[in-house]
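# Topology and contacts: notes
Below are the chains, spelled out letter by letter.
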Amino acid sequence: MRNPSQIHPVDALPPLPKTALLSVQHVLAFYAGAVVVPLVIAGGLKLGPEETIHLINADLFTCGIATLIQSVGFWKVGVRLPIIQGVTTTAISPIIAIGLAVTGPDGGVAGLPYIYGSIIIAGLFTFFAAPLFARFIRFFPQVVIGTVLITMGITLLGVSAGDIINRVDEMNPPQPIGMRSLAYAAGTLAIIIVVQRFFKGFLGTISVLLGLVIGTAVAIALGDASFGAVSTSSWVGVTTPFYFGWPKFALSGAISMIIVMLITMVETTGDVFAAGEIVGRRITKEHIAAALRADGLSTALGGVLNSFPYTCFAQNVGLVRLTRVKSRWVVAAAGVIMIILGLIPKAGAIVASIPGPVLGGASLALFANVALVGIQMLSKVDLHDARNAVIVTTSLGLAMLVSFKPGIAAVFPSWAQIFFASGVTLGSITAIVLNLLFFHVGRQSGPDVAAGSDGRAIGLEQVNAMDQTEFVRTFAPLFNDQVWPLEQAWQGRPFKDVQQLRDTIQEAVLTAGVERQDKLIHDYPDMAQLLLSDEGEAAEISRDIGSLALGEMNDSEQEQLRELCEQYRAKFGFPFVACLTTMDSRQQIIDQGVRRLENSPAQEHLVALAEVIEIANDRFNIMLANANPIRSAWARKFEQLN
């Protein structure tokens, strides 16, 4: 059997020419969103052209560093996934407010030191608060994260619409919608679709890049775009720390930026979960903490290098899904390109020459893919549960209300406007609050243990009064076909609490004879049979909660798993049984199997029994959840996140 320690696609490095092209594609998808924040802030603070150019260069340069921190990582900083870092739009209004509070309505650079002082404090707060925030990951189940991602994707489509009508920022008035602009956008989108439909392999992965290049070439040929700005741009533009003066600190400014970062932490959590779902890697609280530390460090660095707060860029998460290229080194290479663009304004001017409608057509596909990831997450949520339905519909409704009518924010006091300035912000807060209300506030602790055949809850007192036949019938879902553990456990009545009932069932398995234990282990499918079955067959084979982000195994992984299960059965004489909820990924299942092959038969017999008990525990938790929806439904929704 070959060594199953295969490099995960996230850590694989494609050939250099392919990496270069794919990284350029990420930069092009990212560029407009990256420069819009310094453009809008410069306009709001009434800065001159020289200061505006410096802010753009500083933004690109720091974006590159932030992306390397997040994708490559070091120590406990950086999630090490294919994620691009960019400046968060949530910070625009507070930053302008901080600056104008210092300078008055005339604006100017005098407010920038106070802005950067507040940003540095907020970045340090995020860095040190990251582990604490990650501990609350169970408050962000799939119903919350899925809703946030859908809100992000739909809200960002407004940015695409602005590009299509050649309005990339709020400083410019709305432009008349011309058929020519719509044609460029539609043509770019059509190219992306055609490439994805008819081309496979590498060409299929650069569909967005081809759409941008071809769309821009057509625009240049028709006289609607040019590279004239390239000739007037400087070759070198270096951003120096504290270019606008040493940072100054104001309490109100620091508090407002900390609020921005708290909102950004929720958005980053959503993007990290989306990336994990796409690349097939289970996300844990350690991943979230690492990602948030990277956000905090990058934000503090932004305050030093004349830039702004940083977060994960959703459009590039959508690009990963669209291209199916999962390597974080492609994104790291994009970070290097951004650093170069930040140092060479002439190179950045080439990218800036892409017409808005062309960029808008491409970003439509990217942002819609962000929403699709959210839809995929919600497909795993029980939307028949009215509580989940209320969370999704209310959050989306309020998010769209603010997105369609942004003037609503002006009705609220200035300190509260940040919560209503963005559909993503309001939708995220609403989903979190409603999830807390429905699944965490007032959880009952009643004695219900299971749901009977008529759907009514069965309490512990009723369990103690059952005869053996009824007891076995009630708890039969805990095992496959063998019922002797239940017959044995029934003799341990009366049970003083649910934990004693659980313990008695476990002890029945562990104290039985070897022959009975062998029959119990043989009653379960091995991992090859379970994981290589289609969804319908797997549902019949197993009633377990399952593992997050297992996805589809590639040919190599399938062959490794089959070989592993054959060797396992040949050595021990029973199937390779494992409880999926203890696994982080497909590769970890294989790796654990290889380690278990090194056990002695006696030791492995105990390990297999422990896995059977773990499976029964999962099923017991499901029974508790069905009997106590308010008390324990939250547990099965969050179990895979802890």
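Quick summary incoming for the structure in this document.

Examined against the element boundaries, Phe 244 turns out to sit in the loop between α9 (228–232) and α10 (251–279). Distance from Phe 244 to Ala 110, taken between C-alpha atoms, is 8.1 Å for residues 134 residues apart in sequence.

The topology assignment puts Ser 307 in the loop between α11 (285–304) and β2 (310–312). Owing to a relative accessible area of 0%, Ser 307 belongs among the buried residues under this scheme.

In this section: the packing of aromatic side chains. By the definition in use, this model includes 11 aromatic pairs. Between Tyr 568 and Phe 574, the ring centres sit 5.8 Å apart and the planes meet at 70°, which makes this aromatic pair edge-to-face. Judged on exposure class, the residue Tyr 568 and its partner Phe 574 are both buried. Through a chain of ring-to-ring contacts, the aromatic side chains of Tyr 116, Tyr 243, Phe 244 and Phe 308 assemble into a single cluster. The ring of Phe 198 has Arg 197 sitting right over it, with the charged end atom 4.9 Å from the ring centre.

Quick look at the packing of helix α4 (residues 112–135) against α11 now. In contact at an axis separation of 7 Å, α4 and α11 are set at 170° when each is read in the N-to-C sense. It follows that α4 is roughly antiparallel to α11 by the angle criterion.

Summed over the entire model, instances satisfying the criterion amount to 3 salt bridges. The partner of Arg 328 in a salt bridge is Asp 11, and the shortest N-O contact between them spans 2.8 Å. Of this pair, Arg 328 sits in helix α13 (residues 328–343) while Asp 11 sits in the segment before α1 (16–44); the two residues are 317 residues apart in sequence, bridging distant segments of the chain. Given a relative accessible area of 10%, Arg 328 falls into the buried group. A salt bridge links Asp 526 to Arg 569; its shortest N-O distance comes to 3.5 Å. Of this pair, Asp 526 sits in the loop between α23 (514–522) and α24 (527–531) while Arg 569 sits in helix α26 (residues 555–572), and the two are 43 residues apart along the sequence.

This part is about helix α6 (residues 179–198). In this model, α6 (20 residues) spans 28 Å end to end at C-alpha, consistent with the 28 Å of a helix rising 1.5 Å per residue. Taken residue by residue, α6 has Ser 181, Tyr 184, Ala 185, Thr 188, Ile 192 and Val 195 as its buried positions. Along α6, the residues classed as buried sweep out an arc of 100° about the axis, all on the same side. In this structure, α6 carries Met 179, Arg 197 and Phe 198 as exposed residues pointing more than 90 degrees from its buried face.

Within the largest apolar cluster, 47 residues are counted, with the highest numbers of intra-cluster contacts made by Phe 471, Phe 475, Phe 479 and Met 527. Judged by nonpolar contacts, the second largest core, of 44 residues, contains Val 266, Val 279, Val 373 and Leu 396.

Turning our eyes to something else, we now look at unusual backbone geometry. Of note, the amide linkage connecting Arg 493 to Pro 494 takes the cis form, showing an omega dihedral of 0°. Assignment of secondary structure puts Pro 494 in the loop between α21 (484–490) and α22 (498–510). The residue Trp 75 is not glycine, and still its phi comes out positive at about 50°. Looking at the element boundaries, Trp 75 is found in the loop between α2 (49–71) and β1 (85–87).

What follows is about α13. Counted at 1.5 Å a residue, the expected span for α13 with its 16 residues is 22 Å, and the 23 Å between its end C-alpha atoms agrees. Arg 328, Val 330, Val 331, Ala 332, Ala 334, Gly 335, Met 338, Ile 339, Leu 341 and Gly 342 are the residues of α13 that are buried. The distance from a side-chain oxygen at the start of α13 to the backbone nitrogen of Trp 329 is 3.1 Å, and the residue carrying that oxygen is Ser 327.

What counts, and where the lines are drawn
- Residues numbered from 1 in each chain as written.
- Predicted model: local features only at pLDDT ≥ 70, side-chain atom pairs only at ≥ 80, totals over all residues.
- Heavy atoms only, no water.
- Helix = DSSP H or I, 4+ residues; strand = E, 2+ residues; numbered from the N terminus.
- Buried < 20%, exposed > 50% of the residue type's maximum accessible area, 1.4 Å probe, protein only.
- Phe/Tyr/Trp six-rings, centres within 6.5 Å; stacked < 30°, edge-to-face > 60°.
- Lys NZ or Arg CZ within 6 Å of the ring centre and 35° of its normal.
- Axes fitted to C-alpha atoms, helices over the stretch in contact; angles between N-to-C directions.
- Parallel < 35°, antiparallel > 145°, perpendicular 65-115°, else oblique.
- Salt bridge = Lys/Arg side-chain N within 4 Å of Asp/Glu carboxyl O.
- Expected span 1.5 Å × (residues − 1).
- Arc of directions from axis to C-beta.
- Core = buried A, V, L, I, M, F, W, Y, C linked by side-chain atoms within 4.5 Å.
- Polar contact = N/O pair within 3.5 Å; in protein donor to acceptor, adjacent residues only side chain to side chain.

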